[in-house]
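Chain by chain, the residues run as shown.
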Amino acid sequence: MMKTYKSVKSSGISISQLMLPSYSNFSGKIHGGYILSLMDQIAFACASKFSGNYCVTASVDTVDFLSPIEVGELVTMKASVNYVGRSSMIIGIRVESENIQTGHSKHCNSSYFTMVAKDETGQNTEVPGLILTHLNDIRRFYNCIQQIEARKIRNRHEVEFDYKSDDAMKNLEKYKVKVELK
């Protein structure tokens, strides 16, 4: 059984990239899918650095697009391990963009990726424990525990909720839907 521990700080990684016109969508803003791709790359790098193993993306727990990113802005992504399980890690990612002419920067995106460490045979492998050295580390760790519990509740709801019941059908009247079963 693995008994090593690493600090949140040791997992930290950042990348910066200038946003080119080829990354933009039809409205001239940087395409969200491109930003998600960069976030997946930094989550992989962060998890692999921390665990010392190849890692795969298990889920993208939250993606909050807060502000659009413009062509020509410098985007910086910062990632760190916020939570560890046996073989999984939740990576917190913060995305900021900076107008390189004015120096004005803005928080554009926050996200949480769950990554799983794999051994040479492709099997899940244990990751180091996490050393929490700041109150923010503790806050982030507890936020991840809440995310995990919320996911369990959602999954249980999906299995247990009887969406075909009379009560469920009646409840739909509160929403902007029309039920036309065939």
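Student: Residues and numbers for the pattern of salt bridges, please.
Tutor: Under the criterion given, the structure shown has 7 salt bridges. A salt bridge links Glu-149 to Lys-152; its shortest N-O distance comes to 3.5 Å. Remark: Lys-152 and Glu-149 occur in helix 3 (residues 135-160); sequence separation between them is 3 residues, near one turn of the helix. Judged by its relative accessible area of 45%, Lys-152 is partly exposed.

Student: Can you lay out the environment of Tyr-83 for me, pointing to particular residues and giving the numbers?
Tutor: For Tyr-83, the position within the fold is in strand 4 (residues 74-84). Note: C-alpha distance between Tyr-83 and Leu-130 (47 residues apart in sequence) is 7.2 Å. When neighbours within four sequence positions are excluded, Tyr-83 is seen to be in contact with Ser-88, Met-89, Ile-90, Leu-130, Phe-141, Cys-144, Ile-145 and Ile-148.

Student: I'd love a proper account of helix 3, names of residues and values included.
Tutor: In this model, helix 3 (26 residues) spans 37 Å end to end at C-alpha, consistent with the 38 Å of a helix rising 1.5 Å per residue. Its buried side turned inward, helix 3 meets helix 1 (8-11), strand 3 (54-65), strand 4, strand 5 (88-98), strand 6 (105-118) and strand 7 (129-131).

Student: Which residues make up the nonpolar core, and what values go with them?
Tutor: In terms of nonpolar packing, the biggest core is built from 29 residues, with Met-77, Met-89, Ile-91 and Ile-93 touching the most fellow members. Of all the secondary-structure elements, those providing two or more residues to this core are helix 2 (32-51), strand 4, strand 5 and strand 6. The biggest single contributor to this core is helix 2, with 8 residues. Those residues in contact with Met-77, other than ones at most four positions away along the chain, are Ile-13, Ser-14, Ile-15, Ile-35, Leu-38, Met-39, Ile-42, Ile-93, Arg-94 and Val-95.

Student: Describe the sheet that holds strand 4, listing the residues and the values that go with them.
Tutor: Spatially, the 5 strands line up as an open sheet ordered 2-4-5-6-3, and their pairing is antiparallel. Each having just a single partner strand, strand 2 (13-18) and strand 3 make up the two edges of the open sheet. In this sheet, adjacent strand axes meet at a mean angle of 25° when their direction is disregarded. Here 10 bridges tie strand 3 to strand 6, and the two strands are oriented antiparallel to one another. Paired with Phe-65 across the strands is Asn-109, a residue of strand 6. Of the strands in this sheet, strand 3, strand 4, strand 5 and strand 6 are in contact with helix 3, which crosses strand 4 at around 75°.

Student: How would you explain helix 2 if you had to name every residue and give the values?
Tutor: Between its terminal C-alpha atoms helix 2 stretches 28 Å, which fits the 28 Å expected from 20 residues at 1.5 Å a residue. Regarding helix 2, the residues found buried are Ile-35, Leu-38, Met-39, Ile-42, Ala-43, Cys-46, Ala-47, Ser-48, Phe-50 and Ser-51. Count one or two residues on from helix 2 and you reach Gly-52, which has phi positive near 75°.

Student: Describe a nonpolar patch on the surface, naming the residues involved and giving the relevant values.
Tutor: On the surface, Leu-172, Tyr-175, Val-177, Val-179 and Leu-181 cluster together into a nonpolar patch covering about 500 Å² of accessible area. Relative to the assigned elements, Tyr-175 resides in the segment after helix 4 (166-171). We classify Tyr-175 as partly exposed; its relative accessible area is 49%.

Student: I'd love a proper account of the pairing of strand 4, names of residues and values included.
Tutor: With respect to burial, strand 4 is a largely interior element, 9 of its 11 residues being buried. Examined bridge by bridge, strand 2 and strand 4 share 6 bridges and lie antiparallel to one another. Looking across to strand 4, one finds that Gln-17 is bridged to Val-75. Between strand 4 and strand 5, which pair antiparallel in sequence order, lie 3 residues.

Quick notes on the rules
Residues numbered from 1 in each chain as written. Predicted model: local features only at pLDDT ≥ 70, side-chain atom pairs only at ≥ 80, totals over all residues. Heavy atoms only, no water. Salt bridge = Lys/Arg side-chain N within 4 Å of Asp/Glu carboxyl O. Helix = DSSP H or I, 4+ residues; strand = E, 2+ residues; numbered from the N terminus. Buried < 20%, exposed > 50% of the residue type's maximum accessible area, 1.4 Å probe, protein only. Contact = heavy atoms within 4.5 Å. Expected span 1.5 Å × (residues − 1). Core = buried A, V, L, I, M, F, W, Y, C linked by side-chain atoms within 4.5 Å. Pairing = 2+ DSSP bridges. Axes fitted to C-alpha atoms, helices over the stretch in contact; angles between N-to-C directions. Patch = residues over 30% accessible without salt bridge, like charges linked within 9 Å, V, L, I, M, F, W, Y side chains within 5 Å. Areas by Shrake-Rupley, 256 points an atom, 1.4 Å probe, with all protein chains shown as cover.

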